[in-house]
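A look at the structure
What follows is each chain in one-letter form.
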Amino acid sequence: MKFRAGAVGSDGVRLAMESALTARDRVGVQDFVLLENFTSEAAFIENLRKRFKENLIYTYIGSVLVSVNPYKDLEIYSKQHMGRYRGVSFYEVSPHLYAIADNAYRSLRTERKDQCILISGESGAGKTEATKKILQYYAFTCPASDQVETVKDRLLQSNPVLEAFGNAKTLRNDNSSRFGKYMDVQFDYKGAPIGGHILNYLLEKSRVVHQNHGERNFHIFYQLLEGGEEELLRRLGLEKNPLQYHFLVKGQCAKVSSINDKSEWKVVRKALSVTNFSDNEVEDLLSIVASVLHLGNVQFAADEEGNAQVTSENQIKYLARLLGVEGSLLREALTHKKIIAKGEELISPLNLEQAAYARDALAKAVYGRTFSWLVNKINKSLEYKETEPLGWRKSSTVLGLLDIYGFEVFQHNSFEQFCINYCNEKLQQLFIELTLKSEQEEYEAEGIAWEPVQYFNNKIICDLVEEKFKGIISILDEECLRPGDATDMTFLEKLEGTIKKHPHFLTHKLADAKTRKSLGREEFRLSHYAGEVTYSVAGFLDKNNDLLFRNLKETMSNSENPIVNQCFDRTELTDKKRPETAVAQFKNSLAKLMEILMSKEPSYIRCIKPNDAKQAGRFDEVLIRHQVKYLGLMENLRVRRAGFAYRRKYEVFLQRYKSLCPDTWPSWDGRPHEGVAVLLKHLGYKQEEFKMGRTKIFIRFPKTLFATEDALEIRKQSLATDIQAAWRGFYRRKKYQQMKHSAITIQSWWRGTLGRRKAAKRKWAADTIRRFIKGFIFRNYARCPENEYFLDYIRFSFLMTLKRNLPKNVLDKSWPVPPPSLRELEQKVVASEIFKDKKDNYPQSVPRLFLNTRLGNEEISAKILQGLGSEAVKYAVPVIKYDRKGYKARARQLLLTPNAVVLVEESKTKQRIDYANLTGISVSSLSDSLFVLHVLREENKQKGDVVLQSDFVIETLTKIAMSANKVNSININQGSIKFIVGQGKEGIIDFTSGSELLVAKAKNGHLAVVAPRLNSR
């Protein structure tokens, strides 16, 4: 069954049960109880067909889910889908497995009552796949922890193991479960799965030794041969070719294109590891699987006396090693049987037919018991390890999953179909009883009178099968146990003699002439709840006895294979009670299952397969009608519809339909049931159409609900218009309010900006006036922060006035007189005439202001100032003087007075050069700051020319030149400058370009100056 991916149907019709009612003509109704003609099987099947065509494979009958196998991938099982159904009310979303699973889980959590989900249907209808999906849903949605994750993994991984050993390809299904399975999942008080337990029913052991044409043995045999490693197969004595094994060729389809045995083998090996199987246990288990294949290849031949002898010694050797038994004892046990009579042991040889029976019986017993051991082993791995205090342990709850064979009707029906159909009769009986009980309890809880429902009570059929002394099972067991020559025909004769008058039993002998044509002499017919089934009695006694000769049991009980040793307990040999027959065991286990189910709150999933060819999109009406009948779906629907077709809580009903009444729309402030009463009165419901319960509204007829739903559809149109109008109004109002808010915000911001600008302008004006006044007060002081603004303004005003009133020609003497603060401009002009394009560092001096002085009076010695007398210091600057002989650098102060240049060392005047004795000034064309003052030496007072260095060389030289009126006496030299040292001796300063300024005495006695060239001329 494929359920995994893509329903292409419209999601719009899946949102809620009622929403699909509007599309009911196309996709039918999501709940069969809403079918108007609910008694019509044709209407039922037509609704299934509509939904199947739209890939809507799930439909409800009340709380029962009907599932149709799509035979293709549908995208309705993703984690997103799981999340959509998690914790959502049952009818709020479309029908789905997850809705059933979630509803059961929430009931288990909230009501603290054990739950069970019963999954039934024909082989190939999707029961096993549904079980897997439910387990996956719980694995995804339940709370998690490390321990819980381990349990989840083991619950999920138990499926591949059980499918490998218990499933097989049949004509109807490539992965048919050949056993019934009931799994309990234990949840703790937090709702997390903490353990599990599996019960298995009626494994089809006969498949081990015989398969019908087109069918296969159990999957594990083919998986082992196809996927097993070479070394493993060598140890087991196996070949990869399944055609080499007698038990695998009877169905003549060892290879199936739709089954990948190799990949499935990997899944099974991983699952065995997850479910806590050790490597030794896996090896022992596979040894048993291999031994079954070898048993099938054991051949016999008759000796002279007609007794069977083993002819395949090689197989006996493999069997002895794999099963851990003595080869000679096994050979003896296969060809002889041991009988104990009156305390004596008798050994009787077997003929060929009996030996073959013994071999097949051993194969079935070994495999069947190993399967039971396997289930028990998985149960141990799932067993809850008690780690919580006793109080918490008591609060755990259980959710059961029953995946069991559905009603079976084949062309040839035998013992297995009889047991399966008996099981289904019991489940149907339970189903009807619990459904009626649930309905009655709901009616009583809501205070609505319960009306007795007429239905087919199949207790009469159950009694026919299981009644003590007179039932078919009792007669079969009696015939198996009685001394004498009992055969299948004597069993049939006994049935005819005992229950011949039962209305649901018929044989060839009891039938009328017309009916005898369809009944063989070895057949009997039972009228089940789902229809008539004809059974052949051939093999009933053998299959019921399920005999294994005593000496085979003895041999197996001595096995060294731990699993075989556990499966064949030695206490069986000493127990003198005759073993229970197969049908008695099944009856007892079924009775226990019924007790388990009765103790739990049930949920139901009914699986249907749409065709026998396993084709997607094909809807076989005949086959589906057959299953609808055998699943008892019409009976279930009739019981569900006996009272009211639709019921909902008042709150849900009012929320959906309140728009149909002005008094309840848009909201109802009173109690919900009062609002529903007002709504129903407005809608004109007749009294016989509904009942008001304590918490729910009950509607009797689907047509009443459909009329309400159609009215809602019409109302939705006007509501849509109203909502659109309201929305447009709301949207426009909101947009207007946004625009208004934006306009106010912009206006506010702009006013604030204008105000800030005005305030800033006023502040600037006040600061300007304040600075102007302060500058005016300090206008006659040296440039300082207090007057710099005022002086700059005066300078700017003068220059702009000069620009507008320039003299007409150069000879015009009417130049405006500059203010005192602009005297430096004259000096700048003189500096430009002297140094522009002649000295490299002149451009750097242009932006720098020429100051009145570089030294304040406080930096000049008071003694020096006193010595100067009335001579004012016009300019003072710190300089470095180089001695005439050694060129040693000494710090000096250069002072300009109206009459002379004075060199001062601290408080001592070192040299005074009157302007009259200053014959010239020399300076290099490079970027250095050295200059030479040439002095007239007629007076002995003068020592010679003076070599000085000033950081403000352009400013200093300009001021000296202007003060001494020597503007035309400044020489700008390239290469070197000669100067008088004293007493007629001459000194030379050599200038060169370099990377950095360097002044030092050269080896030739010259003063070497290296200066970087800043301005290329």
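Quick look at the structure, then. Starting from 1, residues in each chain are numbered consecutively following that chain's sequence as written. Given that this is a predicted model, residues contribute local features only at a pLDDT of at least 70 and side-chain atom pairs are listed and counted only at 80 or more, while totals for whole chains, interfaces and linings are drawn from all residues. Excluding hydrogens and water, the side-chain values take into account all heavy atoms of the structure.

1. Examining the sheet that holds strand β27 (residues 970-973)
- Any two strands between which DSSP finds at least two bridges are classified as paired. A run of H or I in DSSP becomes a helix once it reaches four residues, and a run of E becomes a strand once it reaches two; helices and strands are each numbered from the N terminus. Taken together, 8 strands build an open sheet; the order of strands is β23-β22-β21-β20-β26-β25-β24-β27 and the sheet is mixed. What marks the edges here is a single partner per strand, and that holds for β23 (908-914) and β27. Strand-to-strand, the axes of this sheet are offset by a mean angle of 30°, without reference to chain direction.
- With 3 bridges connecting them, strand β20 (residues 875-882) and strand β26 (residues 946-949) associate as antiparallel partners. Residue pairing in the sheet places Lys881 in a bridge with Leu948 of β26. Note on geometry: axes are C-alpha line fits, over the in-contact stretch for helices, and angles between N-to-C directions span 0 to 180 degrees.

2. As for the pattern of salt bridges
- We define a salt bridge as a contact between a side-chain nitrogen of Lys or Arg and a carboxyl oxygen of Asp or Glu at a distance within 4 Å. Tallied over the entire structure, the rule returns 40 salt bridges.
- Measuring nitrogen to oxygen at the nearest pair gives 2.8 Å for the salt bridge that ties Arg331 to Glu313. Of the two residues, Arg331 is situated in helix α12 (residues 327-335) and Glu313 in helix α11 (residues 313-323); the sequence distance between them amounts to 18 residues.
- The buried label goes to any residue with under 20% of its type's maximum accessible area, the exposed label to any with over 50%, and the partly exposed label to all in between, with areas taken from a 1.4 Å probe on protein chains only. A relative accessible area of 29% places Arg331 in the partly exposed class.
- Overall, Glu313 belongs to the partly exposed group, its relative accessible area being 33%.
- Through salt bridges with shared partners, a single ionic network connects Glu41, Glu46, Arg49, Glu621 and Arg625.

3. A look at the packing of helix α9 (residues 261-274) against helix α10 (residues 279-296)
- For the pair α9 and α10, the least separation of the axes is 11 Å and the interaxial angle reads 135°. Between α9 and α10, the angle falls in the class oblique. The chirality of how α9 crosses α10 is right-handed. Mapping the contact onto sequence places Trp265, Arg269 and Leu272 in α9 and Val282, Leu285 and Leu286 in α10.
- Nonpolar residues are Ala, Val, Leu, Ile, Met, Phe, Trp, Tyr, Cys and Pro. Charged residues are Asp, Glu, Lys and Arg, and all others, Gly as well, are polar. In the contact of α9 with α10, the residues fall into 5 nonpolar, no polar and 1 charged. Roughly parallel means an angle under 35 degrees; roughly antiparallel means over 145; roughly perpendicular covers 65 to 115; every other angle is labelled oblique. A clockwise turn of the near helix away from the far one marks a right-handed crossing, whereas an anticlockwise turn of less than a right angle marks a left-handed crossing. Residue contacts follow a heavy-atom distance rule, with two residues in contact if any of their heavy atoms lie within 4.5 Å.

4. Structural notes on the packing of α12 against helix α21 (residues 550-557)
- The contact between α12 and α21 brings their axes to 8 Å, and the two run at 160°. Viewed along their axes, α12 and α21 adopt a mutual orientation that is roughly antiparallel. Along this stretch, α12 crosses α21, giving a crossing that reads as left-handed. Across the interface between the two elements, Leu329, Leu330, Glu332, Ala333 and Leu334 from α12 touch Asn551, Leu552, Thr555 and Met556 from α21.
- Partitioned by chemical class, the residues of the contact of α12 with α21 number 6 nonpolar, 2 polar and 1 charged.

5. Looking at the pairing of strand β14 (residues 523-528)
- Counting buried positions along β14 gives 5 out of 6 residues, so the element sits mostly inside the fold.
- Pairing analysis gives 3 bridges linking strand β13 (residues 505-507) to β14, with the strands arranged antiparallel. Pairing of Thr507 across the sheet is with Phe524, part of β14.
- With 6 bridges joining them, β14 and strand β15 (residues 531-536) adopt antiparallel strand pairing. Residue pairing in the sheet places Arg525 in a bridge with Thr534 of β15.
- Hairpin geometry of β14 and β15 is characterised by an intervening segment of 2 residues between the two adjacent antiparallel strands.

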